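Here is what each chain is made of, one letter per residue.
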Amino acid sequence: MSSGNGLGPHVRDNSDGTICVEYEPKKEGRHEVLMSYDGSGVDGSPFSCVVDKIDNSFITAFGTGLVGGLSGDNVSFTVVAKQGTAKDIDVKIDGPAKVDPQRKDNPDGSANFSYMPMTPGAYNINIKYHGKPIKGSPFISKVSGEGRKRSTLSVGNSAEYSLKIIEPDIVDLVGTLQTPGGQIEPIILKKMENGELGVAYFTPRQKGEYVVCVLRNEKNINNSPFRVKVGDKEIGHAAGVVVKGAVTEATANKSNEVIIDTSNGGYGGLSVAIEGPHRSDAEVYKIEDRLYTIHYSPHEPGIYILNIRFADEDVPGSPFLVNVGGNPSGRVRETVTKEVEQAQAVGAGTPSEFVLQIPGTNPFDMEASITNPDGVSELCDVIDQEDFHYLIKMTPKTNGLHIVSIKHKGMHISGSPFQYSVGQLSHGGPHKVQVGGPGLEKGEVGINNVFNIYTREAGAGILAVGLEGPSKAAIQLESRPNGFVGALHKVTKPGIYGVHIKYNDVHIPGSPFMVNIAPDSGVARQISIHALKDKGLMIDKPVTFSVAFNGAQGHLHATVRTPSGSHLDCLVQEMDTGVYAVRFIPKENGVHYVDVKLNDAHIPDSPIPIMVGSTASDPAMVTASGDGLEHGKCGGKNKFVVRTAGAGSGLLAVYIDGPSKSALSCKELDEGYEFSYTPFCPGNYLITIKYGNIPIAGSPYQAAVTGVGRKPSPVVEQSSMAVETVEKKAGAGNRARKLQGDASKVIAKGPGLKKAFTNRVQTLTVDIKDAGNAVLFVGMISPSGFPEAELAIKKVSQTSYTVNYKVQDVGEHILHIKWGDDEIPGSPFILST
């Protein structure tokens, strides 16, 4: 006990396999009970217990639940007070996840508490007696174990409102909503399934008339503004949602069905999250309007939590505690970690090199180039080394963000293009880790499947690569210079494996990658492809090639992945014994990947990249800039520009993931496209920009959004917009040298500034001595509104120019003189004749 004098406890046998230990504390403080059986300590000994004195009666708290436990297990503790006063004991638990303690009050004054923490971390257990905290409260209970795996779904069409008009192009439309209270909010517009224009995520919070304005180029479109009347039935309320199905019991590795009926819930967004000791595969299907079915399949048995929310509130009964039975999947997890140091900064003019392993390539078809911040590209040296390793050498001439492209047969390899900082390195973070290689797309048992990890732009950190699947994986990570890490994985059983890549304990974008590991491809290696044209193909023109079995036996299957991300089946037709023709018709420009498999095993060179349309549609030539890529304001327009000049034409797609949906709109510029997004709540938003389904260098970007907004969604919400770009010619645009001139220092004088005379040459001088560097613009408008016919500028000394003009019309002439973008003092000058 606290004073050091032992108390002789009384041990009583209950004759039922349990014993009772009794002692009466005489002082407050922490007591320890040492217990041994046959001379050896009992598991858990010494047992700790805290004794406090409140209102002249002792109160005691003890039990393992006050110290710690395992996530997903029930942990318990007991609080003992004066007989008959258990109701005066109050317990609250705060921690990384919500827990509801179960309590049982006993007549002897004790109360038994149990709780099930689902997430590891520190939980604060606050115990009060007669409203006063007892000594030691809050107790910190450290819960260990695996973090909860979370699978989420967001169902957008549960909150759509049709405006009942057809609008073919919605890319440049902007919408606002005025609430009955007079507040104006941005809205997300979408094309409904029937082709009508609608409001996505319409969640009215109050009754009355809402006014929806839809603008194109800041002007209302036909029929805008639209008026929407909202009554009690339309306001989103979770209480009206009915849930049936597998919400208490479920089976692992089987599809469990939950039916959600939102027809009496008004307008609101529906979100579903499944948390548990393992991941769950989850899909949503729309049965009919406002009636949905969710299919979820947990990978392993255990206790899972099913959260169903509608209009930002839990539906009745949510969160549901689901007891998942069934057999374990037998999936095995293996993880390897590596400490990655900050990459060394490389200065301009310093030779740089890095090594990449790219299996299945031909050294004669490899090329690499580096593009500097001004858009000037030059080729790098590619040196072939053993086992498909390539040494790439380059010497950047300037500081700044460069773009490195590595191509095989003229097409970017997986993971290319990527950024390469010369000079100061960027701040980085897990979202700046890039990966690529065949080992993330396909694999085979018994051989090393290879991919490359690029961490240079992510800064220092701990890299973890894990594989989860039917067999234990052997994983190797090899360090390479300048921020590259090589990864190899080898497994012994075929099946679907999850490749988990984390940086500083955060999943990188796209992780986990699901990879189909085929059995030993064996006979698939014998198959060869003939007469395949992989460039110069056109939309709506069939692509045909032949496949020779060369004695192999089995079922041939071919699919094509399009630049927009969809999958098409190819037509496979037998032409002769062991010779098949494969045919498909491309519908979009960009790189298509053709998967050709025999008995589910890829044949050599599959997936095969083929280019449809212009080979100039190059994601390495696309750059993005603007404040909106780094930070933004809640409820306001945040802008960034994607420059596509010189990159050909292709599908430009922007995805924004974050704690809320974002209203996205796009405006065409001479050099590319300006995107504006309006997020509805603060937090970090990930902006992914893809061109022809390939992320541009530097994507994804992370923007920190601040300000006051709605409550964040419990699931990650995605907003997206795709634009079929038109080819834009590269002017100097953003790459023109920035000149710093001061127009206020320019002096203009001479008789030509006082008055104009018809058909007589007038002269004035412009002195730019102290005005820095800029472009001198001189222009004159006649009374009819057209530029004057005769106006000339001549340099007379290093810093002065003469301007001569002759006017023909009678009236007011306006003379503009600008230095850079600004008018000089006195300009525009009004000259009358």
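The preceding data block contains the structure.
A short tour of the structure in this document, coming up. (Residues numbered from 1 in each chain as written. Predicted model: local features only at pLDDT ≥ 70, side-chain atom pairs only at ≥ 80, totals over all residues. Heavy atoms only, no water.)

### Details of the overall build of the chain
So, point 1. Per the secondary structure count, the chain includes 0 helices and 77 strands.
So, point 2. Projected onto the principal axes, the alpha-carbon positions of the chain cover approximately 125 × 80 × 60 Å.
So, point 3. By residue count, 45% of the 833 residues in the chain fall in the buried class.
So, point 4. Contacts in the chain between residues at least 24 apart in sequence constitute 66% of all its contacts with a sequence separation of at least 6.
So, point 5. Of the accessible surface of the chain, which amounts to about 40600 Å², a share of 50% is contributed by carbon and sulfur atoms.
So, point 6. Positive and negative charge centroids in the chain, built from 81 and 90 side chains respectively, lie 5 Å apart. (Helix = DSSP H or I, 4+ residues; strand = E, 2+ residues; numbered from the N terminus. Buried < 20%, exposed > 50% of the residue type's maximum accessible area, 1.4 Å probe, protein only. Contact = heavy atoms within 4.5 Å. Areas by Shrake-Rupley, 256 points an atom, 1.4 Å probe, with all protein chains shown as cover. Lys, Arg positive; Asp, Glu negative; His and termini not counted. Charge placed at Lys NZ, Arg CZ, Asp CG, Glu CD.)

### Examining the sheet that holds strand 29 (residues 291-298)
So, point 1. Ordered by their spatial adjacency, 4 strands build an open sheet running 24-26-29-28, and the pairing between neighbours is antiparallel. Single-partner strands in this sheet number two, and they are strand 24 (242-245) and strand 28 (280-288). Going from strand to strand, the sheet's axes swing by 20° on average, the running direction of each strand aside.
So, point 2. Judged from the 8 bridges that link them, strand 28 and strand 29 form a sheet pairing that is antiparallel. (Pairing = 2+ DSSP bridges. Axes fitted to C-alpha atoms, helices over the stretch in contact; angles between N-to-C directions.)

### Considering the side chain of Ser 405
So, point 1. If you trace the backbone, Ser 405 turns up in strand 39 (residues 400-408).
So, point 2. Accessibility expressed as a relative area gives 4% for Ser 405, which makes it buried.
So, point 3. Filtering out sequence-adjacent residues up to four positions away, Ser 405 remains in contact with Glu 367, Ala 368, Ser 369, His 412, Ser 416, Pro 417 and Ala 620.

### A word on the environment of Ser 606
So, point 1. Looking at the secondary structure, you find Ser 606 in the loop between strand 58 (601-602) and strand 59 (608-612).
So, point 2. Judged by its relative accessible area of 1%, Ser 606 is buried.
So, point 3. Remark: the alpha-carbon pair of Ser 606 and Ile 529, spanning 77 residues in sequence, is separated by 9.9 Å.
So, point 4. If we ignore the near neighbours within four places in the chain, the residues touching Ser 606 are Lys 442, Val 594, Asp 595 and Val 596.
So, point 5. Side-chain polar atoms of Ser 606 contact the backbone nitrogen of Val 596, separated by 3.0 Å. (Polar contact = N/O pair within 3.5 Å; in protein donor to acceptor, adjacent residues only side chain to side chain.)

### Details of the nonpolar core
So, point 1. Phe 640, Val 642, Phe 675, Ile 687 and Ile 689 are the most contacted members of the largest nonpolar core, which totals 27 residues.
So, point 2. Put simply, the parts of the chain that give this core at least two residues each are strand 62 (638-643), strand 63 (651-658), strand 64 (662-668), strand 65 (672-679), strand 66 (683-691), strand 68 (701-706) and strand 69 (717-724).
So, point 3. Per-element tally for this core: the top contributor is strand 66, with 4 residues.
So, point 4. When residues no more than four places from it in sequence are discounted, the contact partners of Phe 640 are Ser 625, Gly 626, Gly 628, Leu 629, Val 654, Tyr 673, Glu 674, Phe 675, Tyr 677, Ile 687 and Ile 689.
So, point 5. Counting residues in hydrophobic clusters, the runner-up holds 26 residues, among them Ala 250, Val 258, Ile 274 and Val 324. (Core = buried A, V, L, I, M, F, W, Y, C linked by side-chain atoms within 4.5 Å.)

### Concerning a nonpolar patch on the surface
So, point 1. Where nonpolar side chains cluster on the molecular surface, the patch consists of Val 11, Ile 19 and Val 21 and spans about 240 Å² of accessible area.
So, point 2. With respect to the helices, strands and loops of the structure, Val 11 is situated in strand 1 (residues 10-13). (Patch = residues over 30% accessible without salt bridge, like charges linked within 9 Å, V, L, I, M, F, W, Y side chains within 5 Å. Salt bridge = Lys/Arg side-chain N within 4 Å of Asp/Glu carboxyl O.)

### A short note on the environment of Met 118
So, point 1. By the element assignment, Met 118 lies in the loop between strand 12 (110-115) and strand 13 (121-129).
So, point 2. By relative accessible area, Met 118 is classed as buried at 4%.
So, point 3. Met 118 sits 159 residues away from Pro 277 along the chain, and the two C-alpha atoms are 8.3 Å apart.

### Quick look at the packing of aromatic side chains
To describe a pair of aromatic rings, one takes the distance between the centres and the angle between the planes.
So, point 1. If you walk through the whole model with that rule in mind, you get 15 aromatic pairs.
So, point 2. A centroid spacing of 6.1 Å and a plane angle of 40° characterise the contact between Phe 354 and Tyr 420, whose relative ring orientation is tilted. One end of the pair, Phe 354, is in strand 34 (residues 352-357); the other, Tyr 420, is in strand 41 (residues 418-422), and 66 residues separate them in sequence.
So, point 3. Accessibility expressed as a relative area gives 0% for Phe 354, which makes it buried.
So, point 4. Centre to centre, the rings of Phe 418 and Phe 484 are 5.4 Å apart; their planes meet at 75°, and the pair counts as edge-to-face. (Phe/Tyr/Trp six-rings, centres within 6.5 Å; stacked < 30°, edge-to-face > 60°.)

### Examining the side chain of Glu 300
So, point 1. When you line up the elements, Glu 300 lands in the loop between strand 29 and strand 30 (302-310).
So, point 2. No salt bridge is formed by the buried Glu 300; the nearest opposite charge belongs to Arg 331, separated by 5.8 Å.
So, point 3. A distance of 2.4 Å separates polar atoms of two side chains, one belonging to Glu 300 and the other to Ser 329.
So, point 4. In contact with Glu 300, not counting residues within four places along its chain, are Ala 252, His 278, Val 324, Pro 328, Ser 329, Gly 330 and Arg 331.

### Things to note about the pattern of salt bridges
So, point 1. By the definition in use, this model includes 20 salt bridges.
So, point 2. Put simply, Arg 331 and Glu 468 hold a salt bridge, and the shortest N to O gap is 3.7 Å. Residue Arg 331 is found in the loop between strand 32 (320-325) and strand 33 (332-340), and its partner Glu 468 is found in strand 45 (residues 461-469); the two are separated by 137 residues along the sequence.
So, point 3. Taking the relative accessible area as the measure of exposure, Arg 331 reaches 23% and is therefore partly exposed.
So, point 4. Residues participating in the shared-partner salt-bridge network are Glu 209, Arg 227 and Lys 229.

### Concerning the pairing of strand 48 (residues 495-503)
So, point 1. Of the pairings in the sheet, the one linking strand 45 to strand 48 comprises 6 bridges and is antiparallel in character. In the strand pairing of strand 48, Leu 467 is matched with Val 499.
So, point 2. Relative to strand 50 (residues 513-518), strand 48 is paired through 5 bridges, and the arrangement is antiparallel. Counted as the bridge partner of Val 499 is Phe 513 from strand 50.
So, point 3. Counting the residues that bridge the hairpin from strand 48 to strand 49 (residues 506-507) gives 2 residues, and of these Asn 504 lies at a positive phi of roughly 50°.

### Quick word on unusual backbone geometry
So, point 1. A cis amide bond links Ser 699 with the next residue in sequence, Pro 700, at an omega value of 5°.
So, point 2. Here Pro 700 lies in the loop between strand 67 (694-695) and strand 68.
So, point 3. A cis amide bond, omega 0°, links Ser 827 with the succeeding residue Pro 828.
So, point 4. The residue Pro 828 is located in the loop between strand 76 (822-823) and strand 77 (829-832) in this model.
So, point 5. Positive phi is not limited to glycine here, since Asp 540 has a value of about 65°.
So, point 6. Here Asp 540 falls in the partly exposed class, since its relative accessible area comes to 47%.

### Here's the deal with the sheet that holds strand 47 (residues 484-490)
So, point 1. The sheet built from 4 strands is open, its strands ordered 42-44-47-46 with antiparallel pairing. One side of each edge strand has no neighbouring strand; the edge strands of this open sheet are strand 42 (434-436) and strand 46 (474-480). Mean inter-strand twist for the sheet, computed between neighbouring axes without regard to direction, equals 20°.
So, point 2. Relative to strand 47, strand 46 is paired through 7 bridges, and the arrangement is antiparallel. Across the sheet, Gln 476 pairs through a bridge with Leu 488, a residue of strand 47.

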